[in-house]
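Letter by letter, the chains look like this.
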Amino acid sequence: GALFTVAYRMNQQPDPALLVGVAGDYFLGLQIKCAQCHDHPFHEWTQDEFWELAAMFGRVRLVGQSNNGRELEHLVTDADVDPKEMLRMNGIKYPEQLTGGTIAIPDPVDPEKTRGTATARFLNGEAPKLPEKGNYRQDFAKWVTEKENPYFARATANRLWAHFFGRGIVEPIDNLHPDNEPTHPEVLDLLAEEFQNSGYDLKYLVRCITHTQAYARTSKPTGGNETDQTLFSHMSVKPLDSFALVDSLWVALQRTPPDGSRRRDAAADFDTRLPGGDPTKYTHSIPQVLKMMNSRDHLGTSGPAVGTVTRGKSPDEAIAHLYLAVLARRPSDAESQQMLDYAQQVGDERQAYGDIFWVLLNSAEFLVNH
């Protein structure tokens, strides 16, 4: 929560306009940020409604110490803050904290001026009863997750569906406007209802989605559906994200996956996907490929993984277990024969099995889901 608030700021202070805009994207699936400067011509949101919702973030401030513009300490607070304690850029005056859920609307031309005020109101027209001072973000979160709120459950279900399938039932996922109809409205309604009834349990929603027949489908198209991108008739080929790839590597290497900072550091080497980018696009470049190919850990002869899964087995069963260990499937007859021929050609089983392990680990199949 603190990072979310610190990330969206202007002139070193949390910016209510940015915060409500991204909250609309993530938690409501609505592009209300389009109404910041004028009534949106294609959506129902007005400029007044934008700033009335932004008022829920109007008291958020960032205090701390600054050294030549570089923050040393942060404290996010909704309490009264002395302007002298606020982190500011180049001494720019920030709009004052008002009371009672009221926000000063900054002038888009001059950041030291305001052009009126707005009082907190939700998108359903309800004006919340707010104390003179307090953390209004809590009231915003309560409204977002009320069962009567028509946005949150649908937006979250659609966003998670997009995470697993590469595209949402509504696309783009932050534009659940009535004119932007879902491809499968009954599915979205059912997922949203299940999510609400579970008490907004994200793990339950993940299970609902990943246990569907749609998620279990192969990525191989059948006759007539090669170009389908909206009906989910076959699965999108989606590269694993950096954390999933690191976890998969460590499982294949017969090691306990790292956690905490070790996991983050390992994932950073493969973190090449831009936020909001196409999840089906392969983004790895030379550094990631070289690491996969040349890391000593990934050489089949240097670790215990190959010996563990092949020891005491016949050549065909050893190869089958290498496939199971790395790709979680058995080889086809053609693949098995190809690897058996290679092992016979090499002559040294340990070297041959290590090479096969390395090949599977560097295959496209290991790097993608489905």
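The rules behind each value
- Residues numbered from 1 in each chain as written.
- Predicted model: local features only at pLDDT ≥ 70, side-chain atom pairs only at ≥ 80, totals over all residues.
- Heavy atoms only, no water.
- Axes fitted to C-alpha atoms, helices over the stretch in contact; angles between N-to-C directions.
- Helix = DSSP H or I, 4+ residues; strand = E, 2+ residues; numbered from the N terminus.
- Parallel < 35°, antiparallel > 145°, perpendicular 65-115°, else oblique.
- Left-handed = near helix turned anticlockwise from the far one by under 90°.
- Contact = heavy atoms within 4.5 Å.
- Nonpolar A, V, L, I, M, F, W, Y, C, P; charged D, E, K, R; others polar.
- 1 Å grid on protein atoms, 1.4 Å probe; cavity = no way out; pocket = protein on both sides within 12 Å on 5 of 7 lines; lining within 4 Å.
- Points joined across faces, edges and corners; volume = space filled by probe spheres on them.
- Expected span 1.5 Å × (residues − 1).
- Buried < 20%, exposed > 50% of the residue type's maximum accessible area, 1.4 Å probe, protein only.
- Polar contact = N/O pair within 3.5 Å; in protein donor to acceptor, adjacent residues only side chain to side chain.

K.L.:
Lay out the packing of helix H5 (residues 152-165) against helix H6 (residues 185-197) with the relevant residues and their values.
P.N.:
At a minimum axis separation of 8 Å, H5 and H6 run at an interaxial angle of 110°. Considering the angle they form, H5 stands roughly perpendicular to H6. Handedness of the crossing formed by H5 with H6: right-handed. In contact with Phe152, Ala153, Arg154, Thr156, Ala157, Asn158 and Trp161 of H5, H6 contributes Val187, Leu188, Asp189, Leu191, Ala192, Phe195 and Gln196. Across the contact of H5 with H6, the residue classes break down as 9 nonpolar, 3 polar and 2 charged.

K.L.:
Tell me about the layout of surface pockets, residues and numbers included.
P.N.:
Its volume calculated, the largest pocket comes out at about 1,200 Å³. Around the largest pocket, the lining comprises 38 residues; the ones closest to its centre are His163, Arg273, Gly276, Gly277 and Pro279. Secondary-structure elements contributing two or more residues to the lining of the largest pocket are helix H2 (16-28), H5, strand E9 (238-239), helix H9 (242-252) and helix H10 (260-268). By residue class, the composition of the lining of the largest pocket is 18 nonpolar, 9 polar and 11 charged.

K.L.:
An account of helix H15 (residues 349-361) is needed here, citing residue identities and associated values.
P.N.:
The end-to-end C-alpha separation of H15 is 18 Å, in line with the 18 Å expected for 13 residues at 1.5 Å each. Taken residue by residue, H15 has Ala352, Tyr353, Gly354, Ile356, Phe357, Leu360 and Leu361 as its buried positions. Those residues of H15 hidden inside the fold are in contact with H9, helix H11 (286-294), helix H12 (305-310), helix H13 (315-327), helix H14 (333-346) and helix H16 (364-367). Put simply, Asp348 is the residue that caps the front of H15, since its side-chain oxygen is 3.0 Å from the backbone nitrogen of Arg350.

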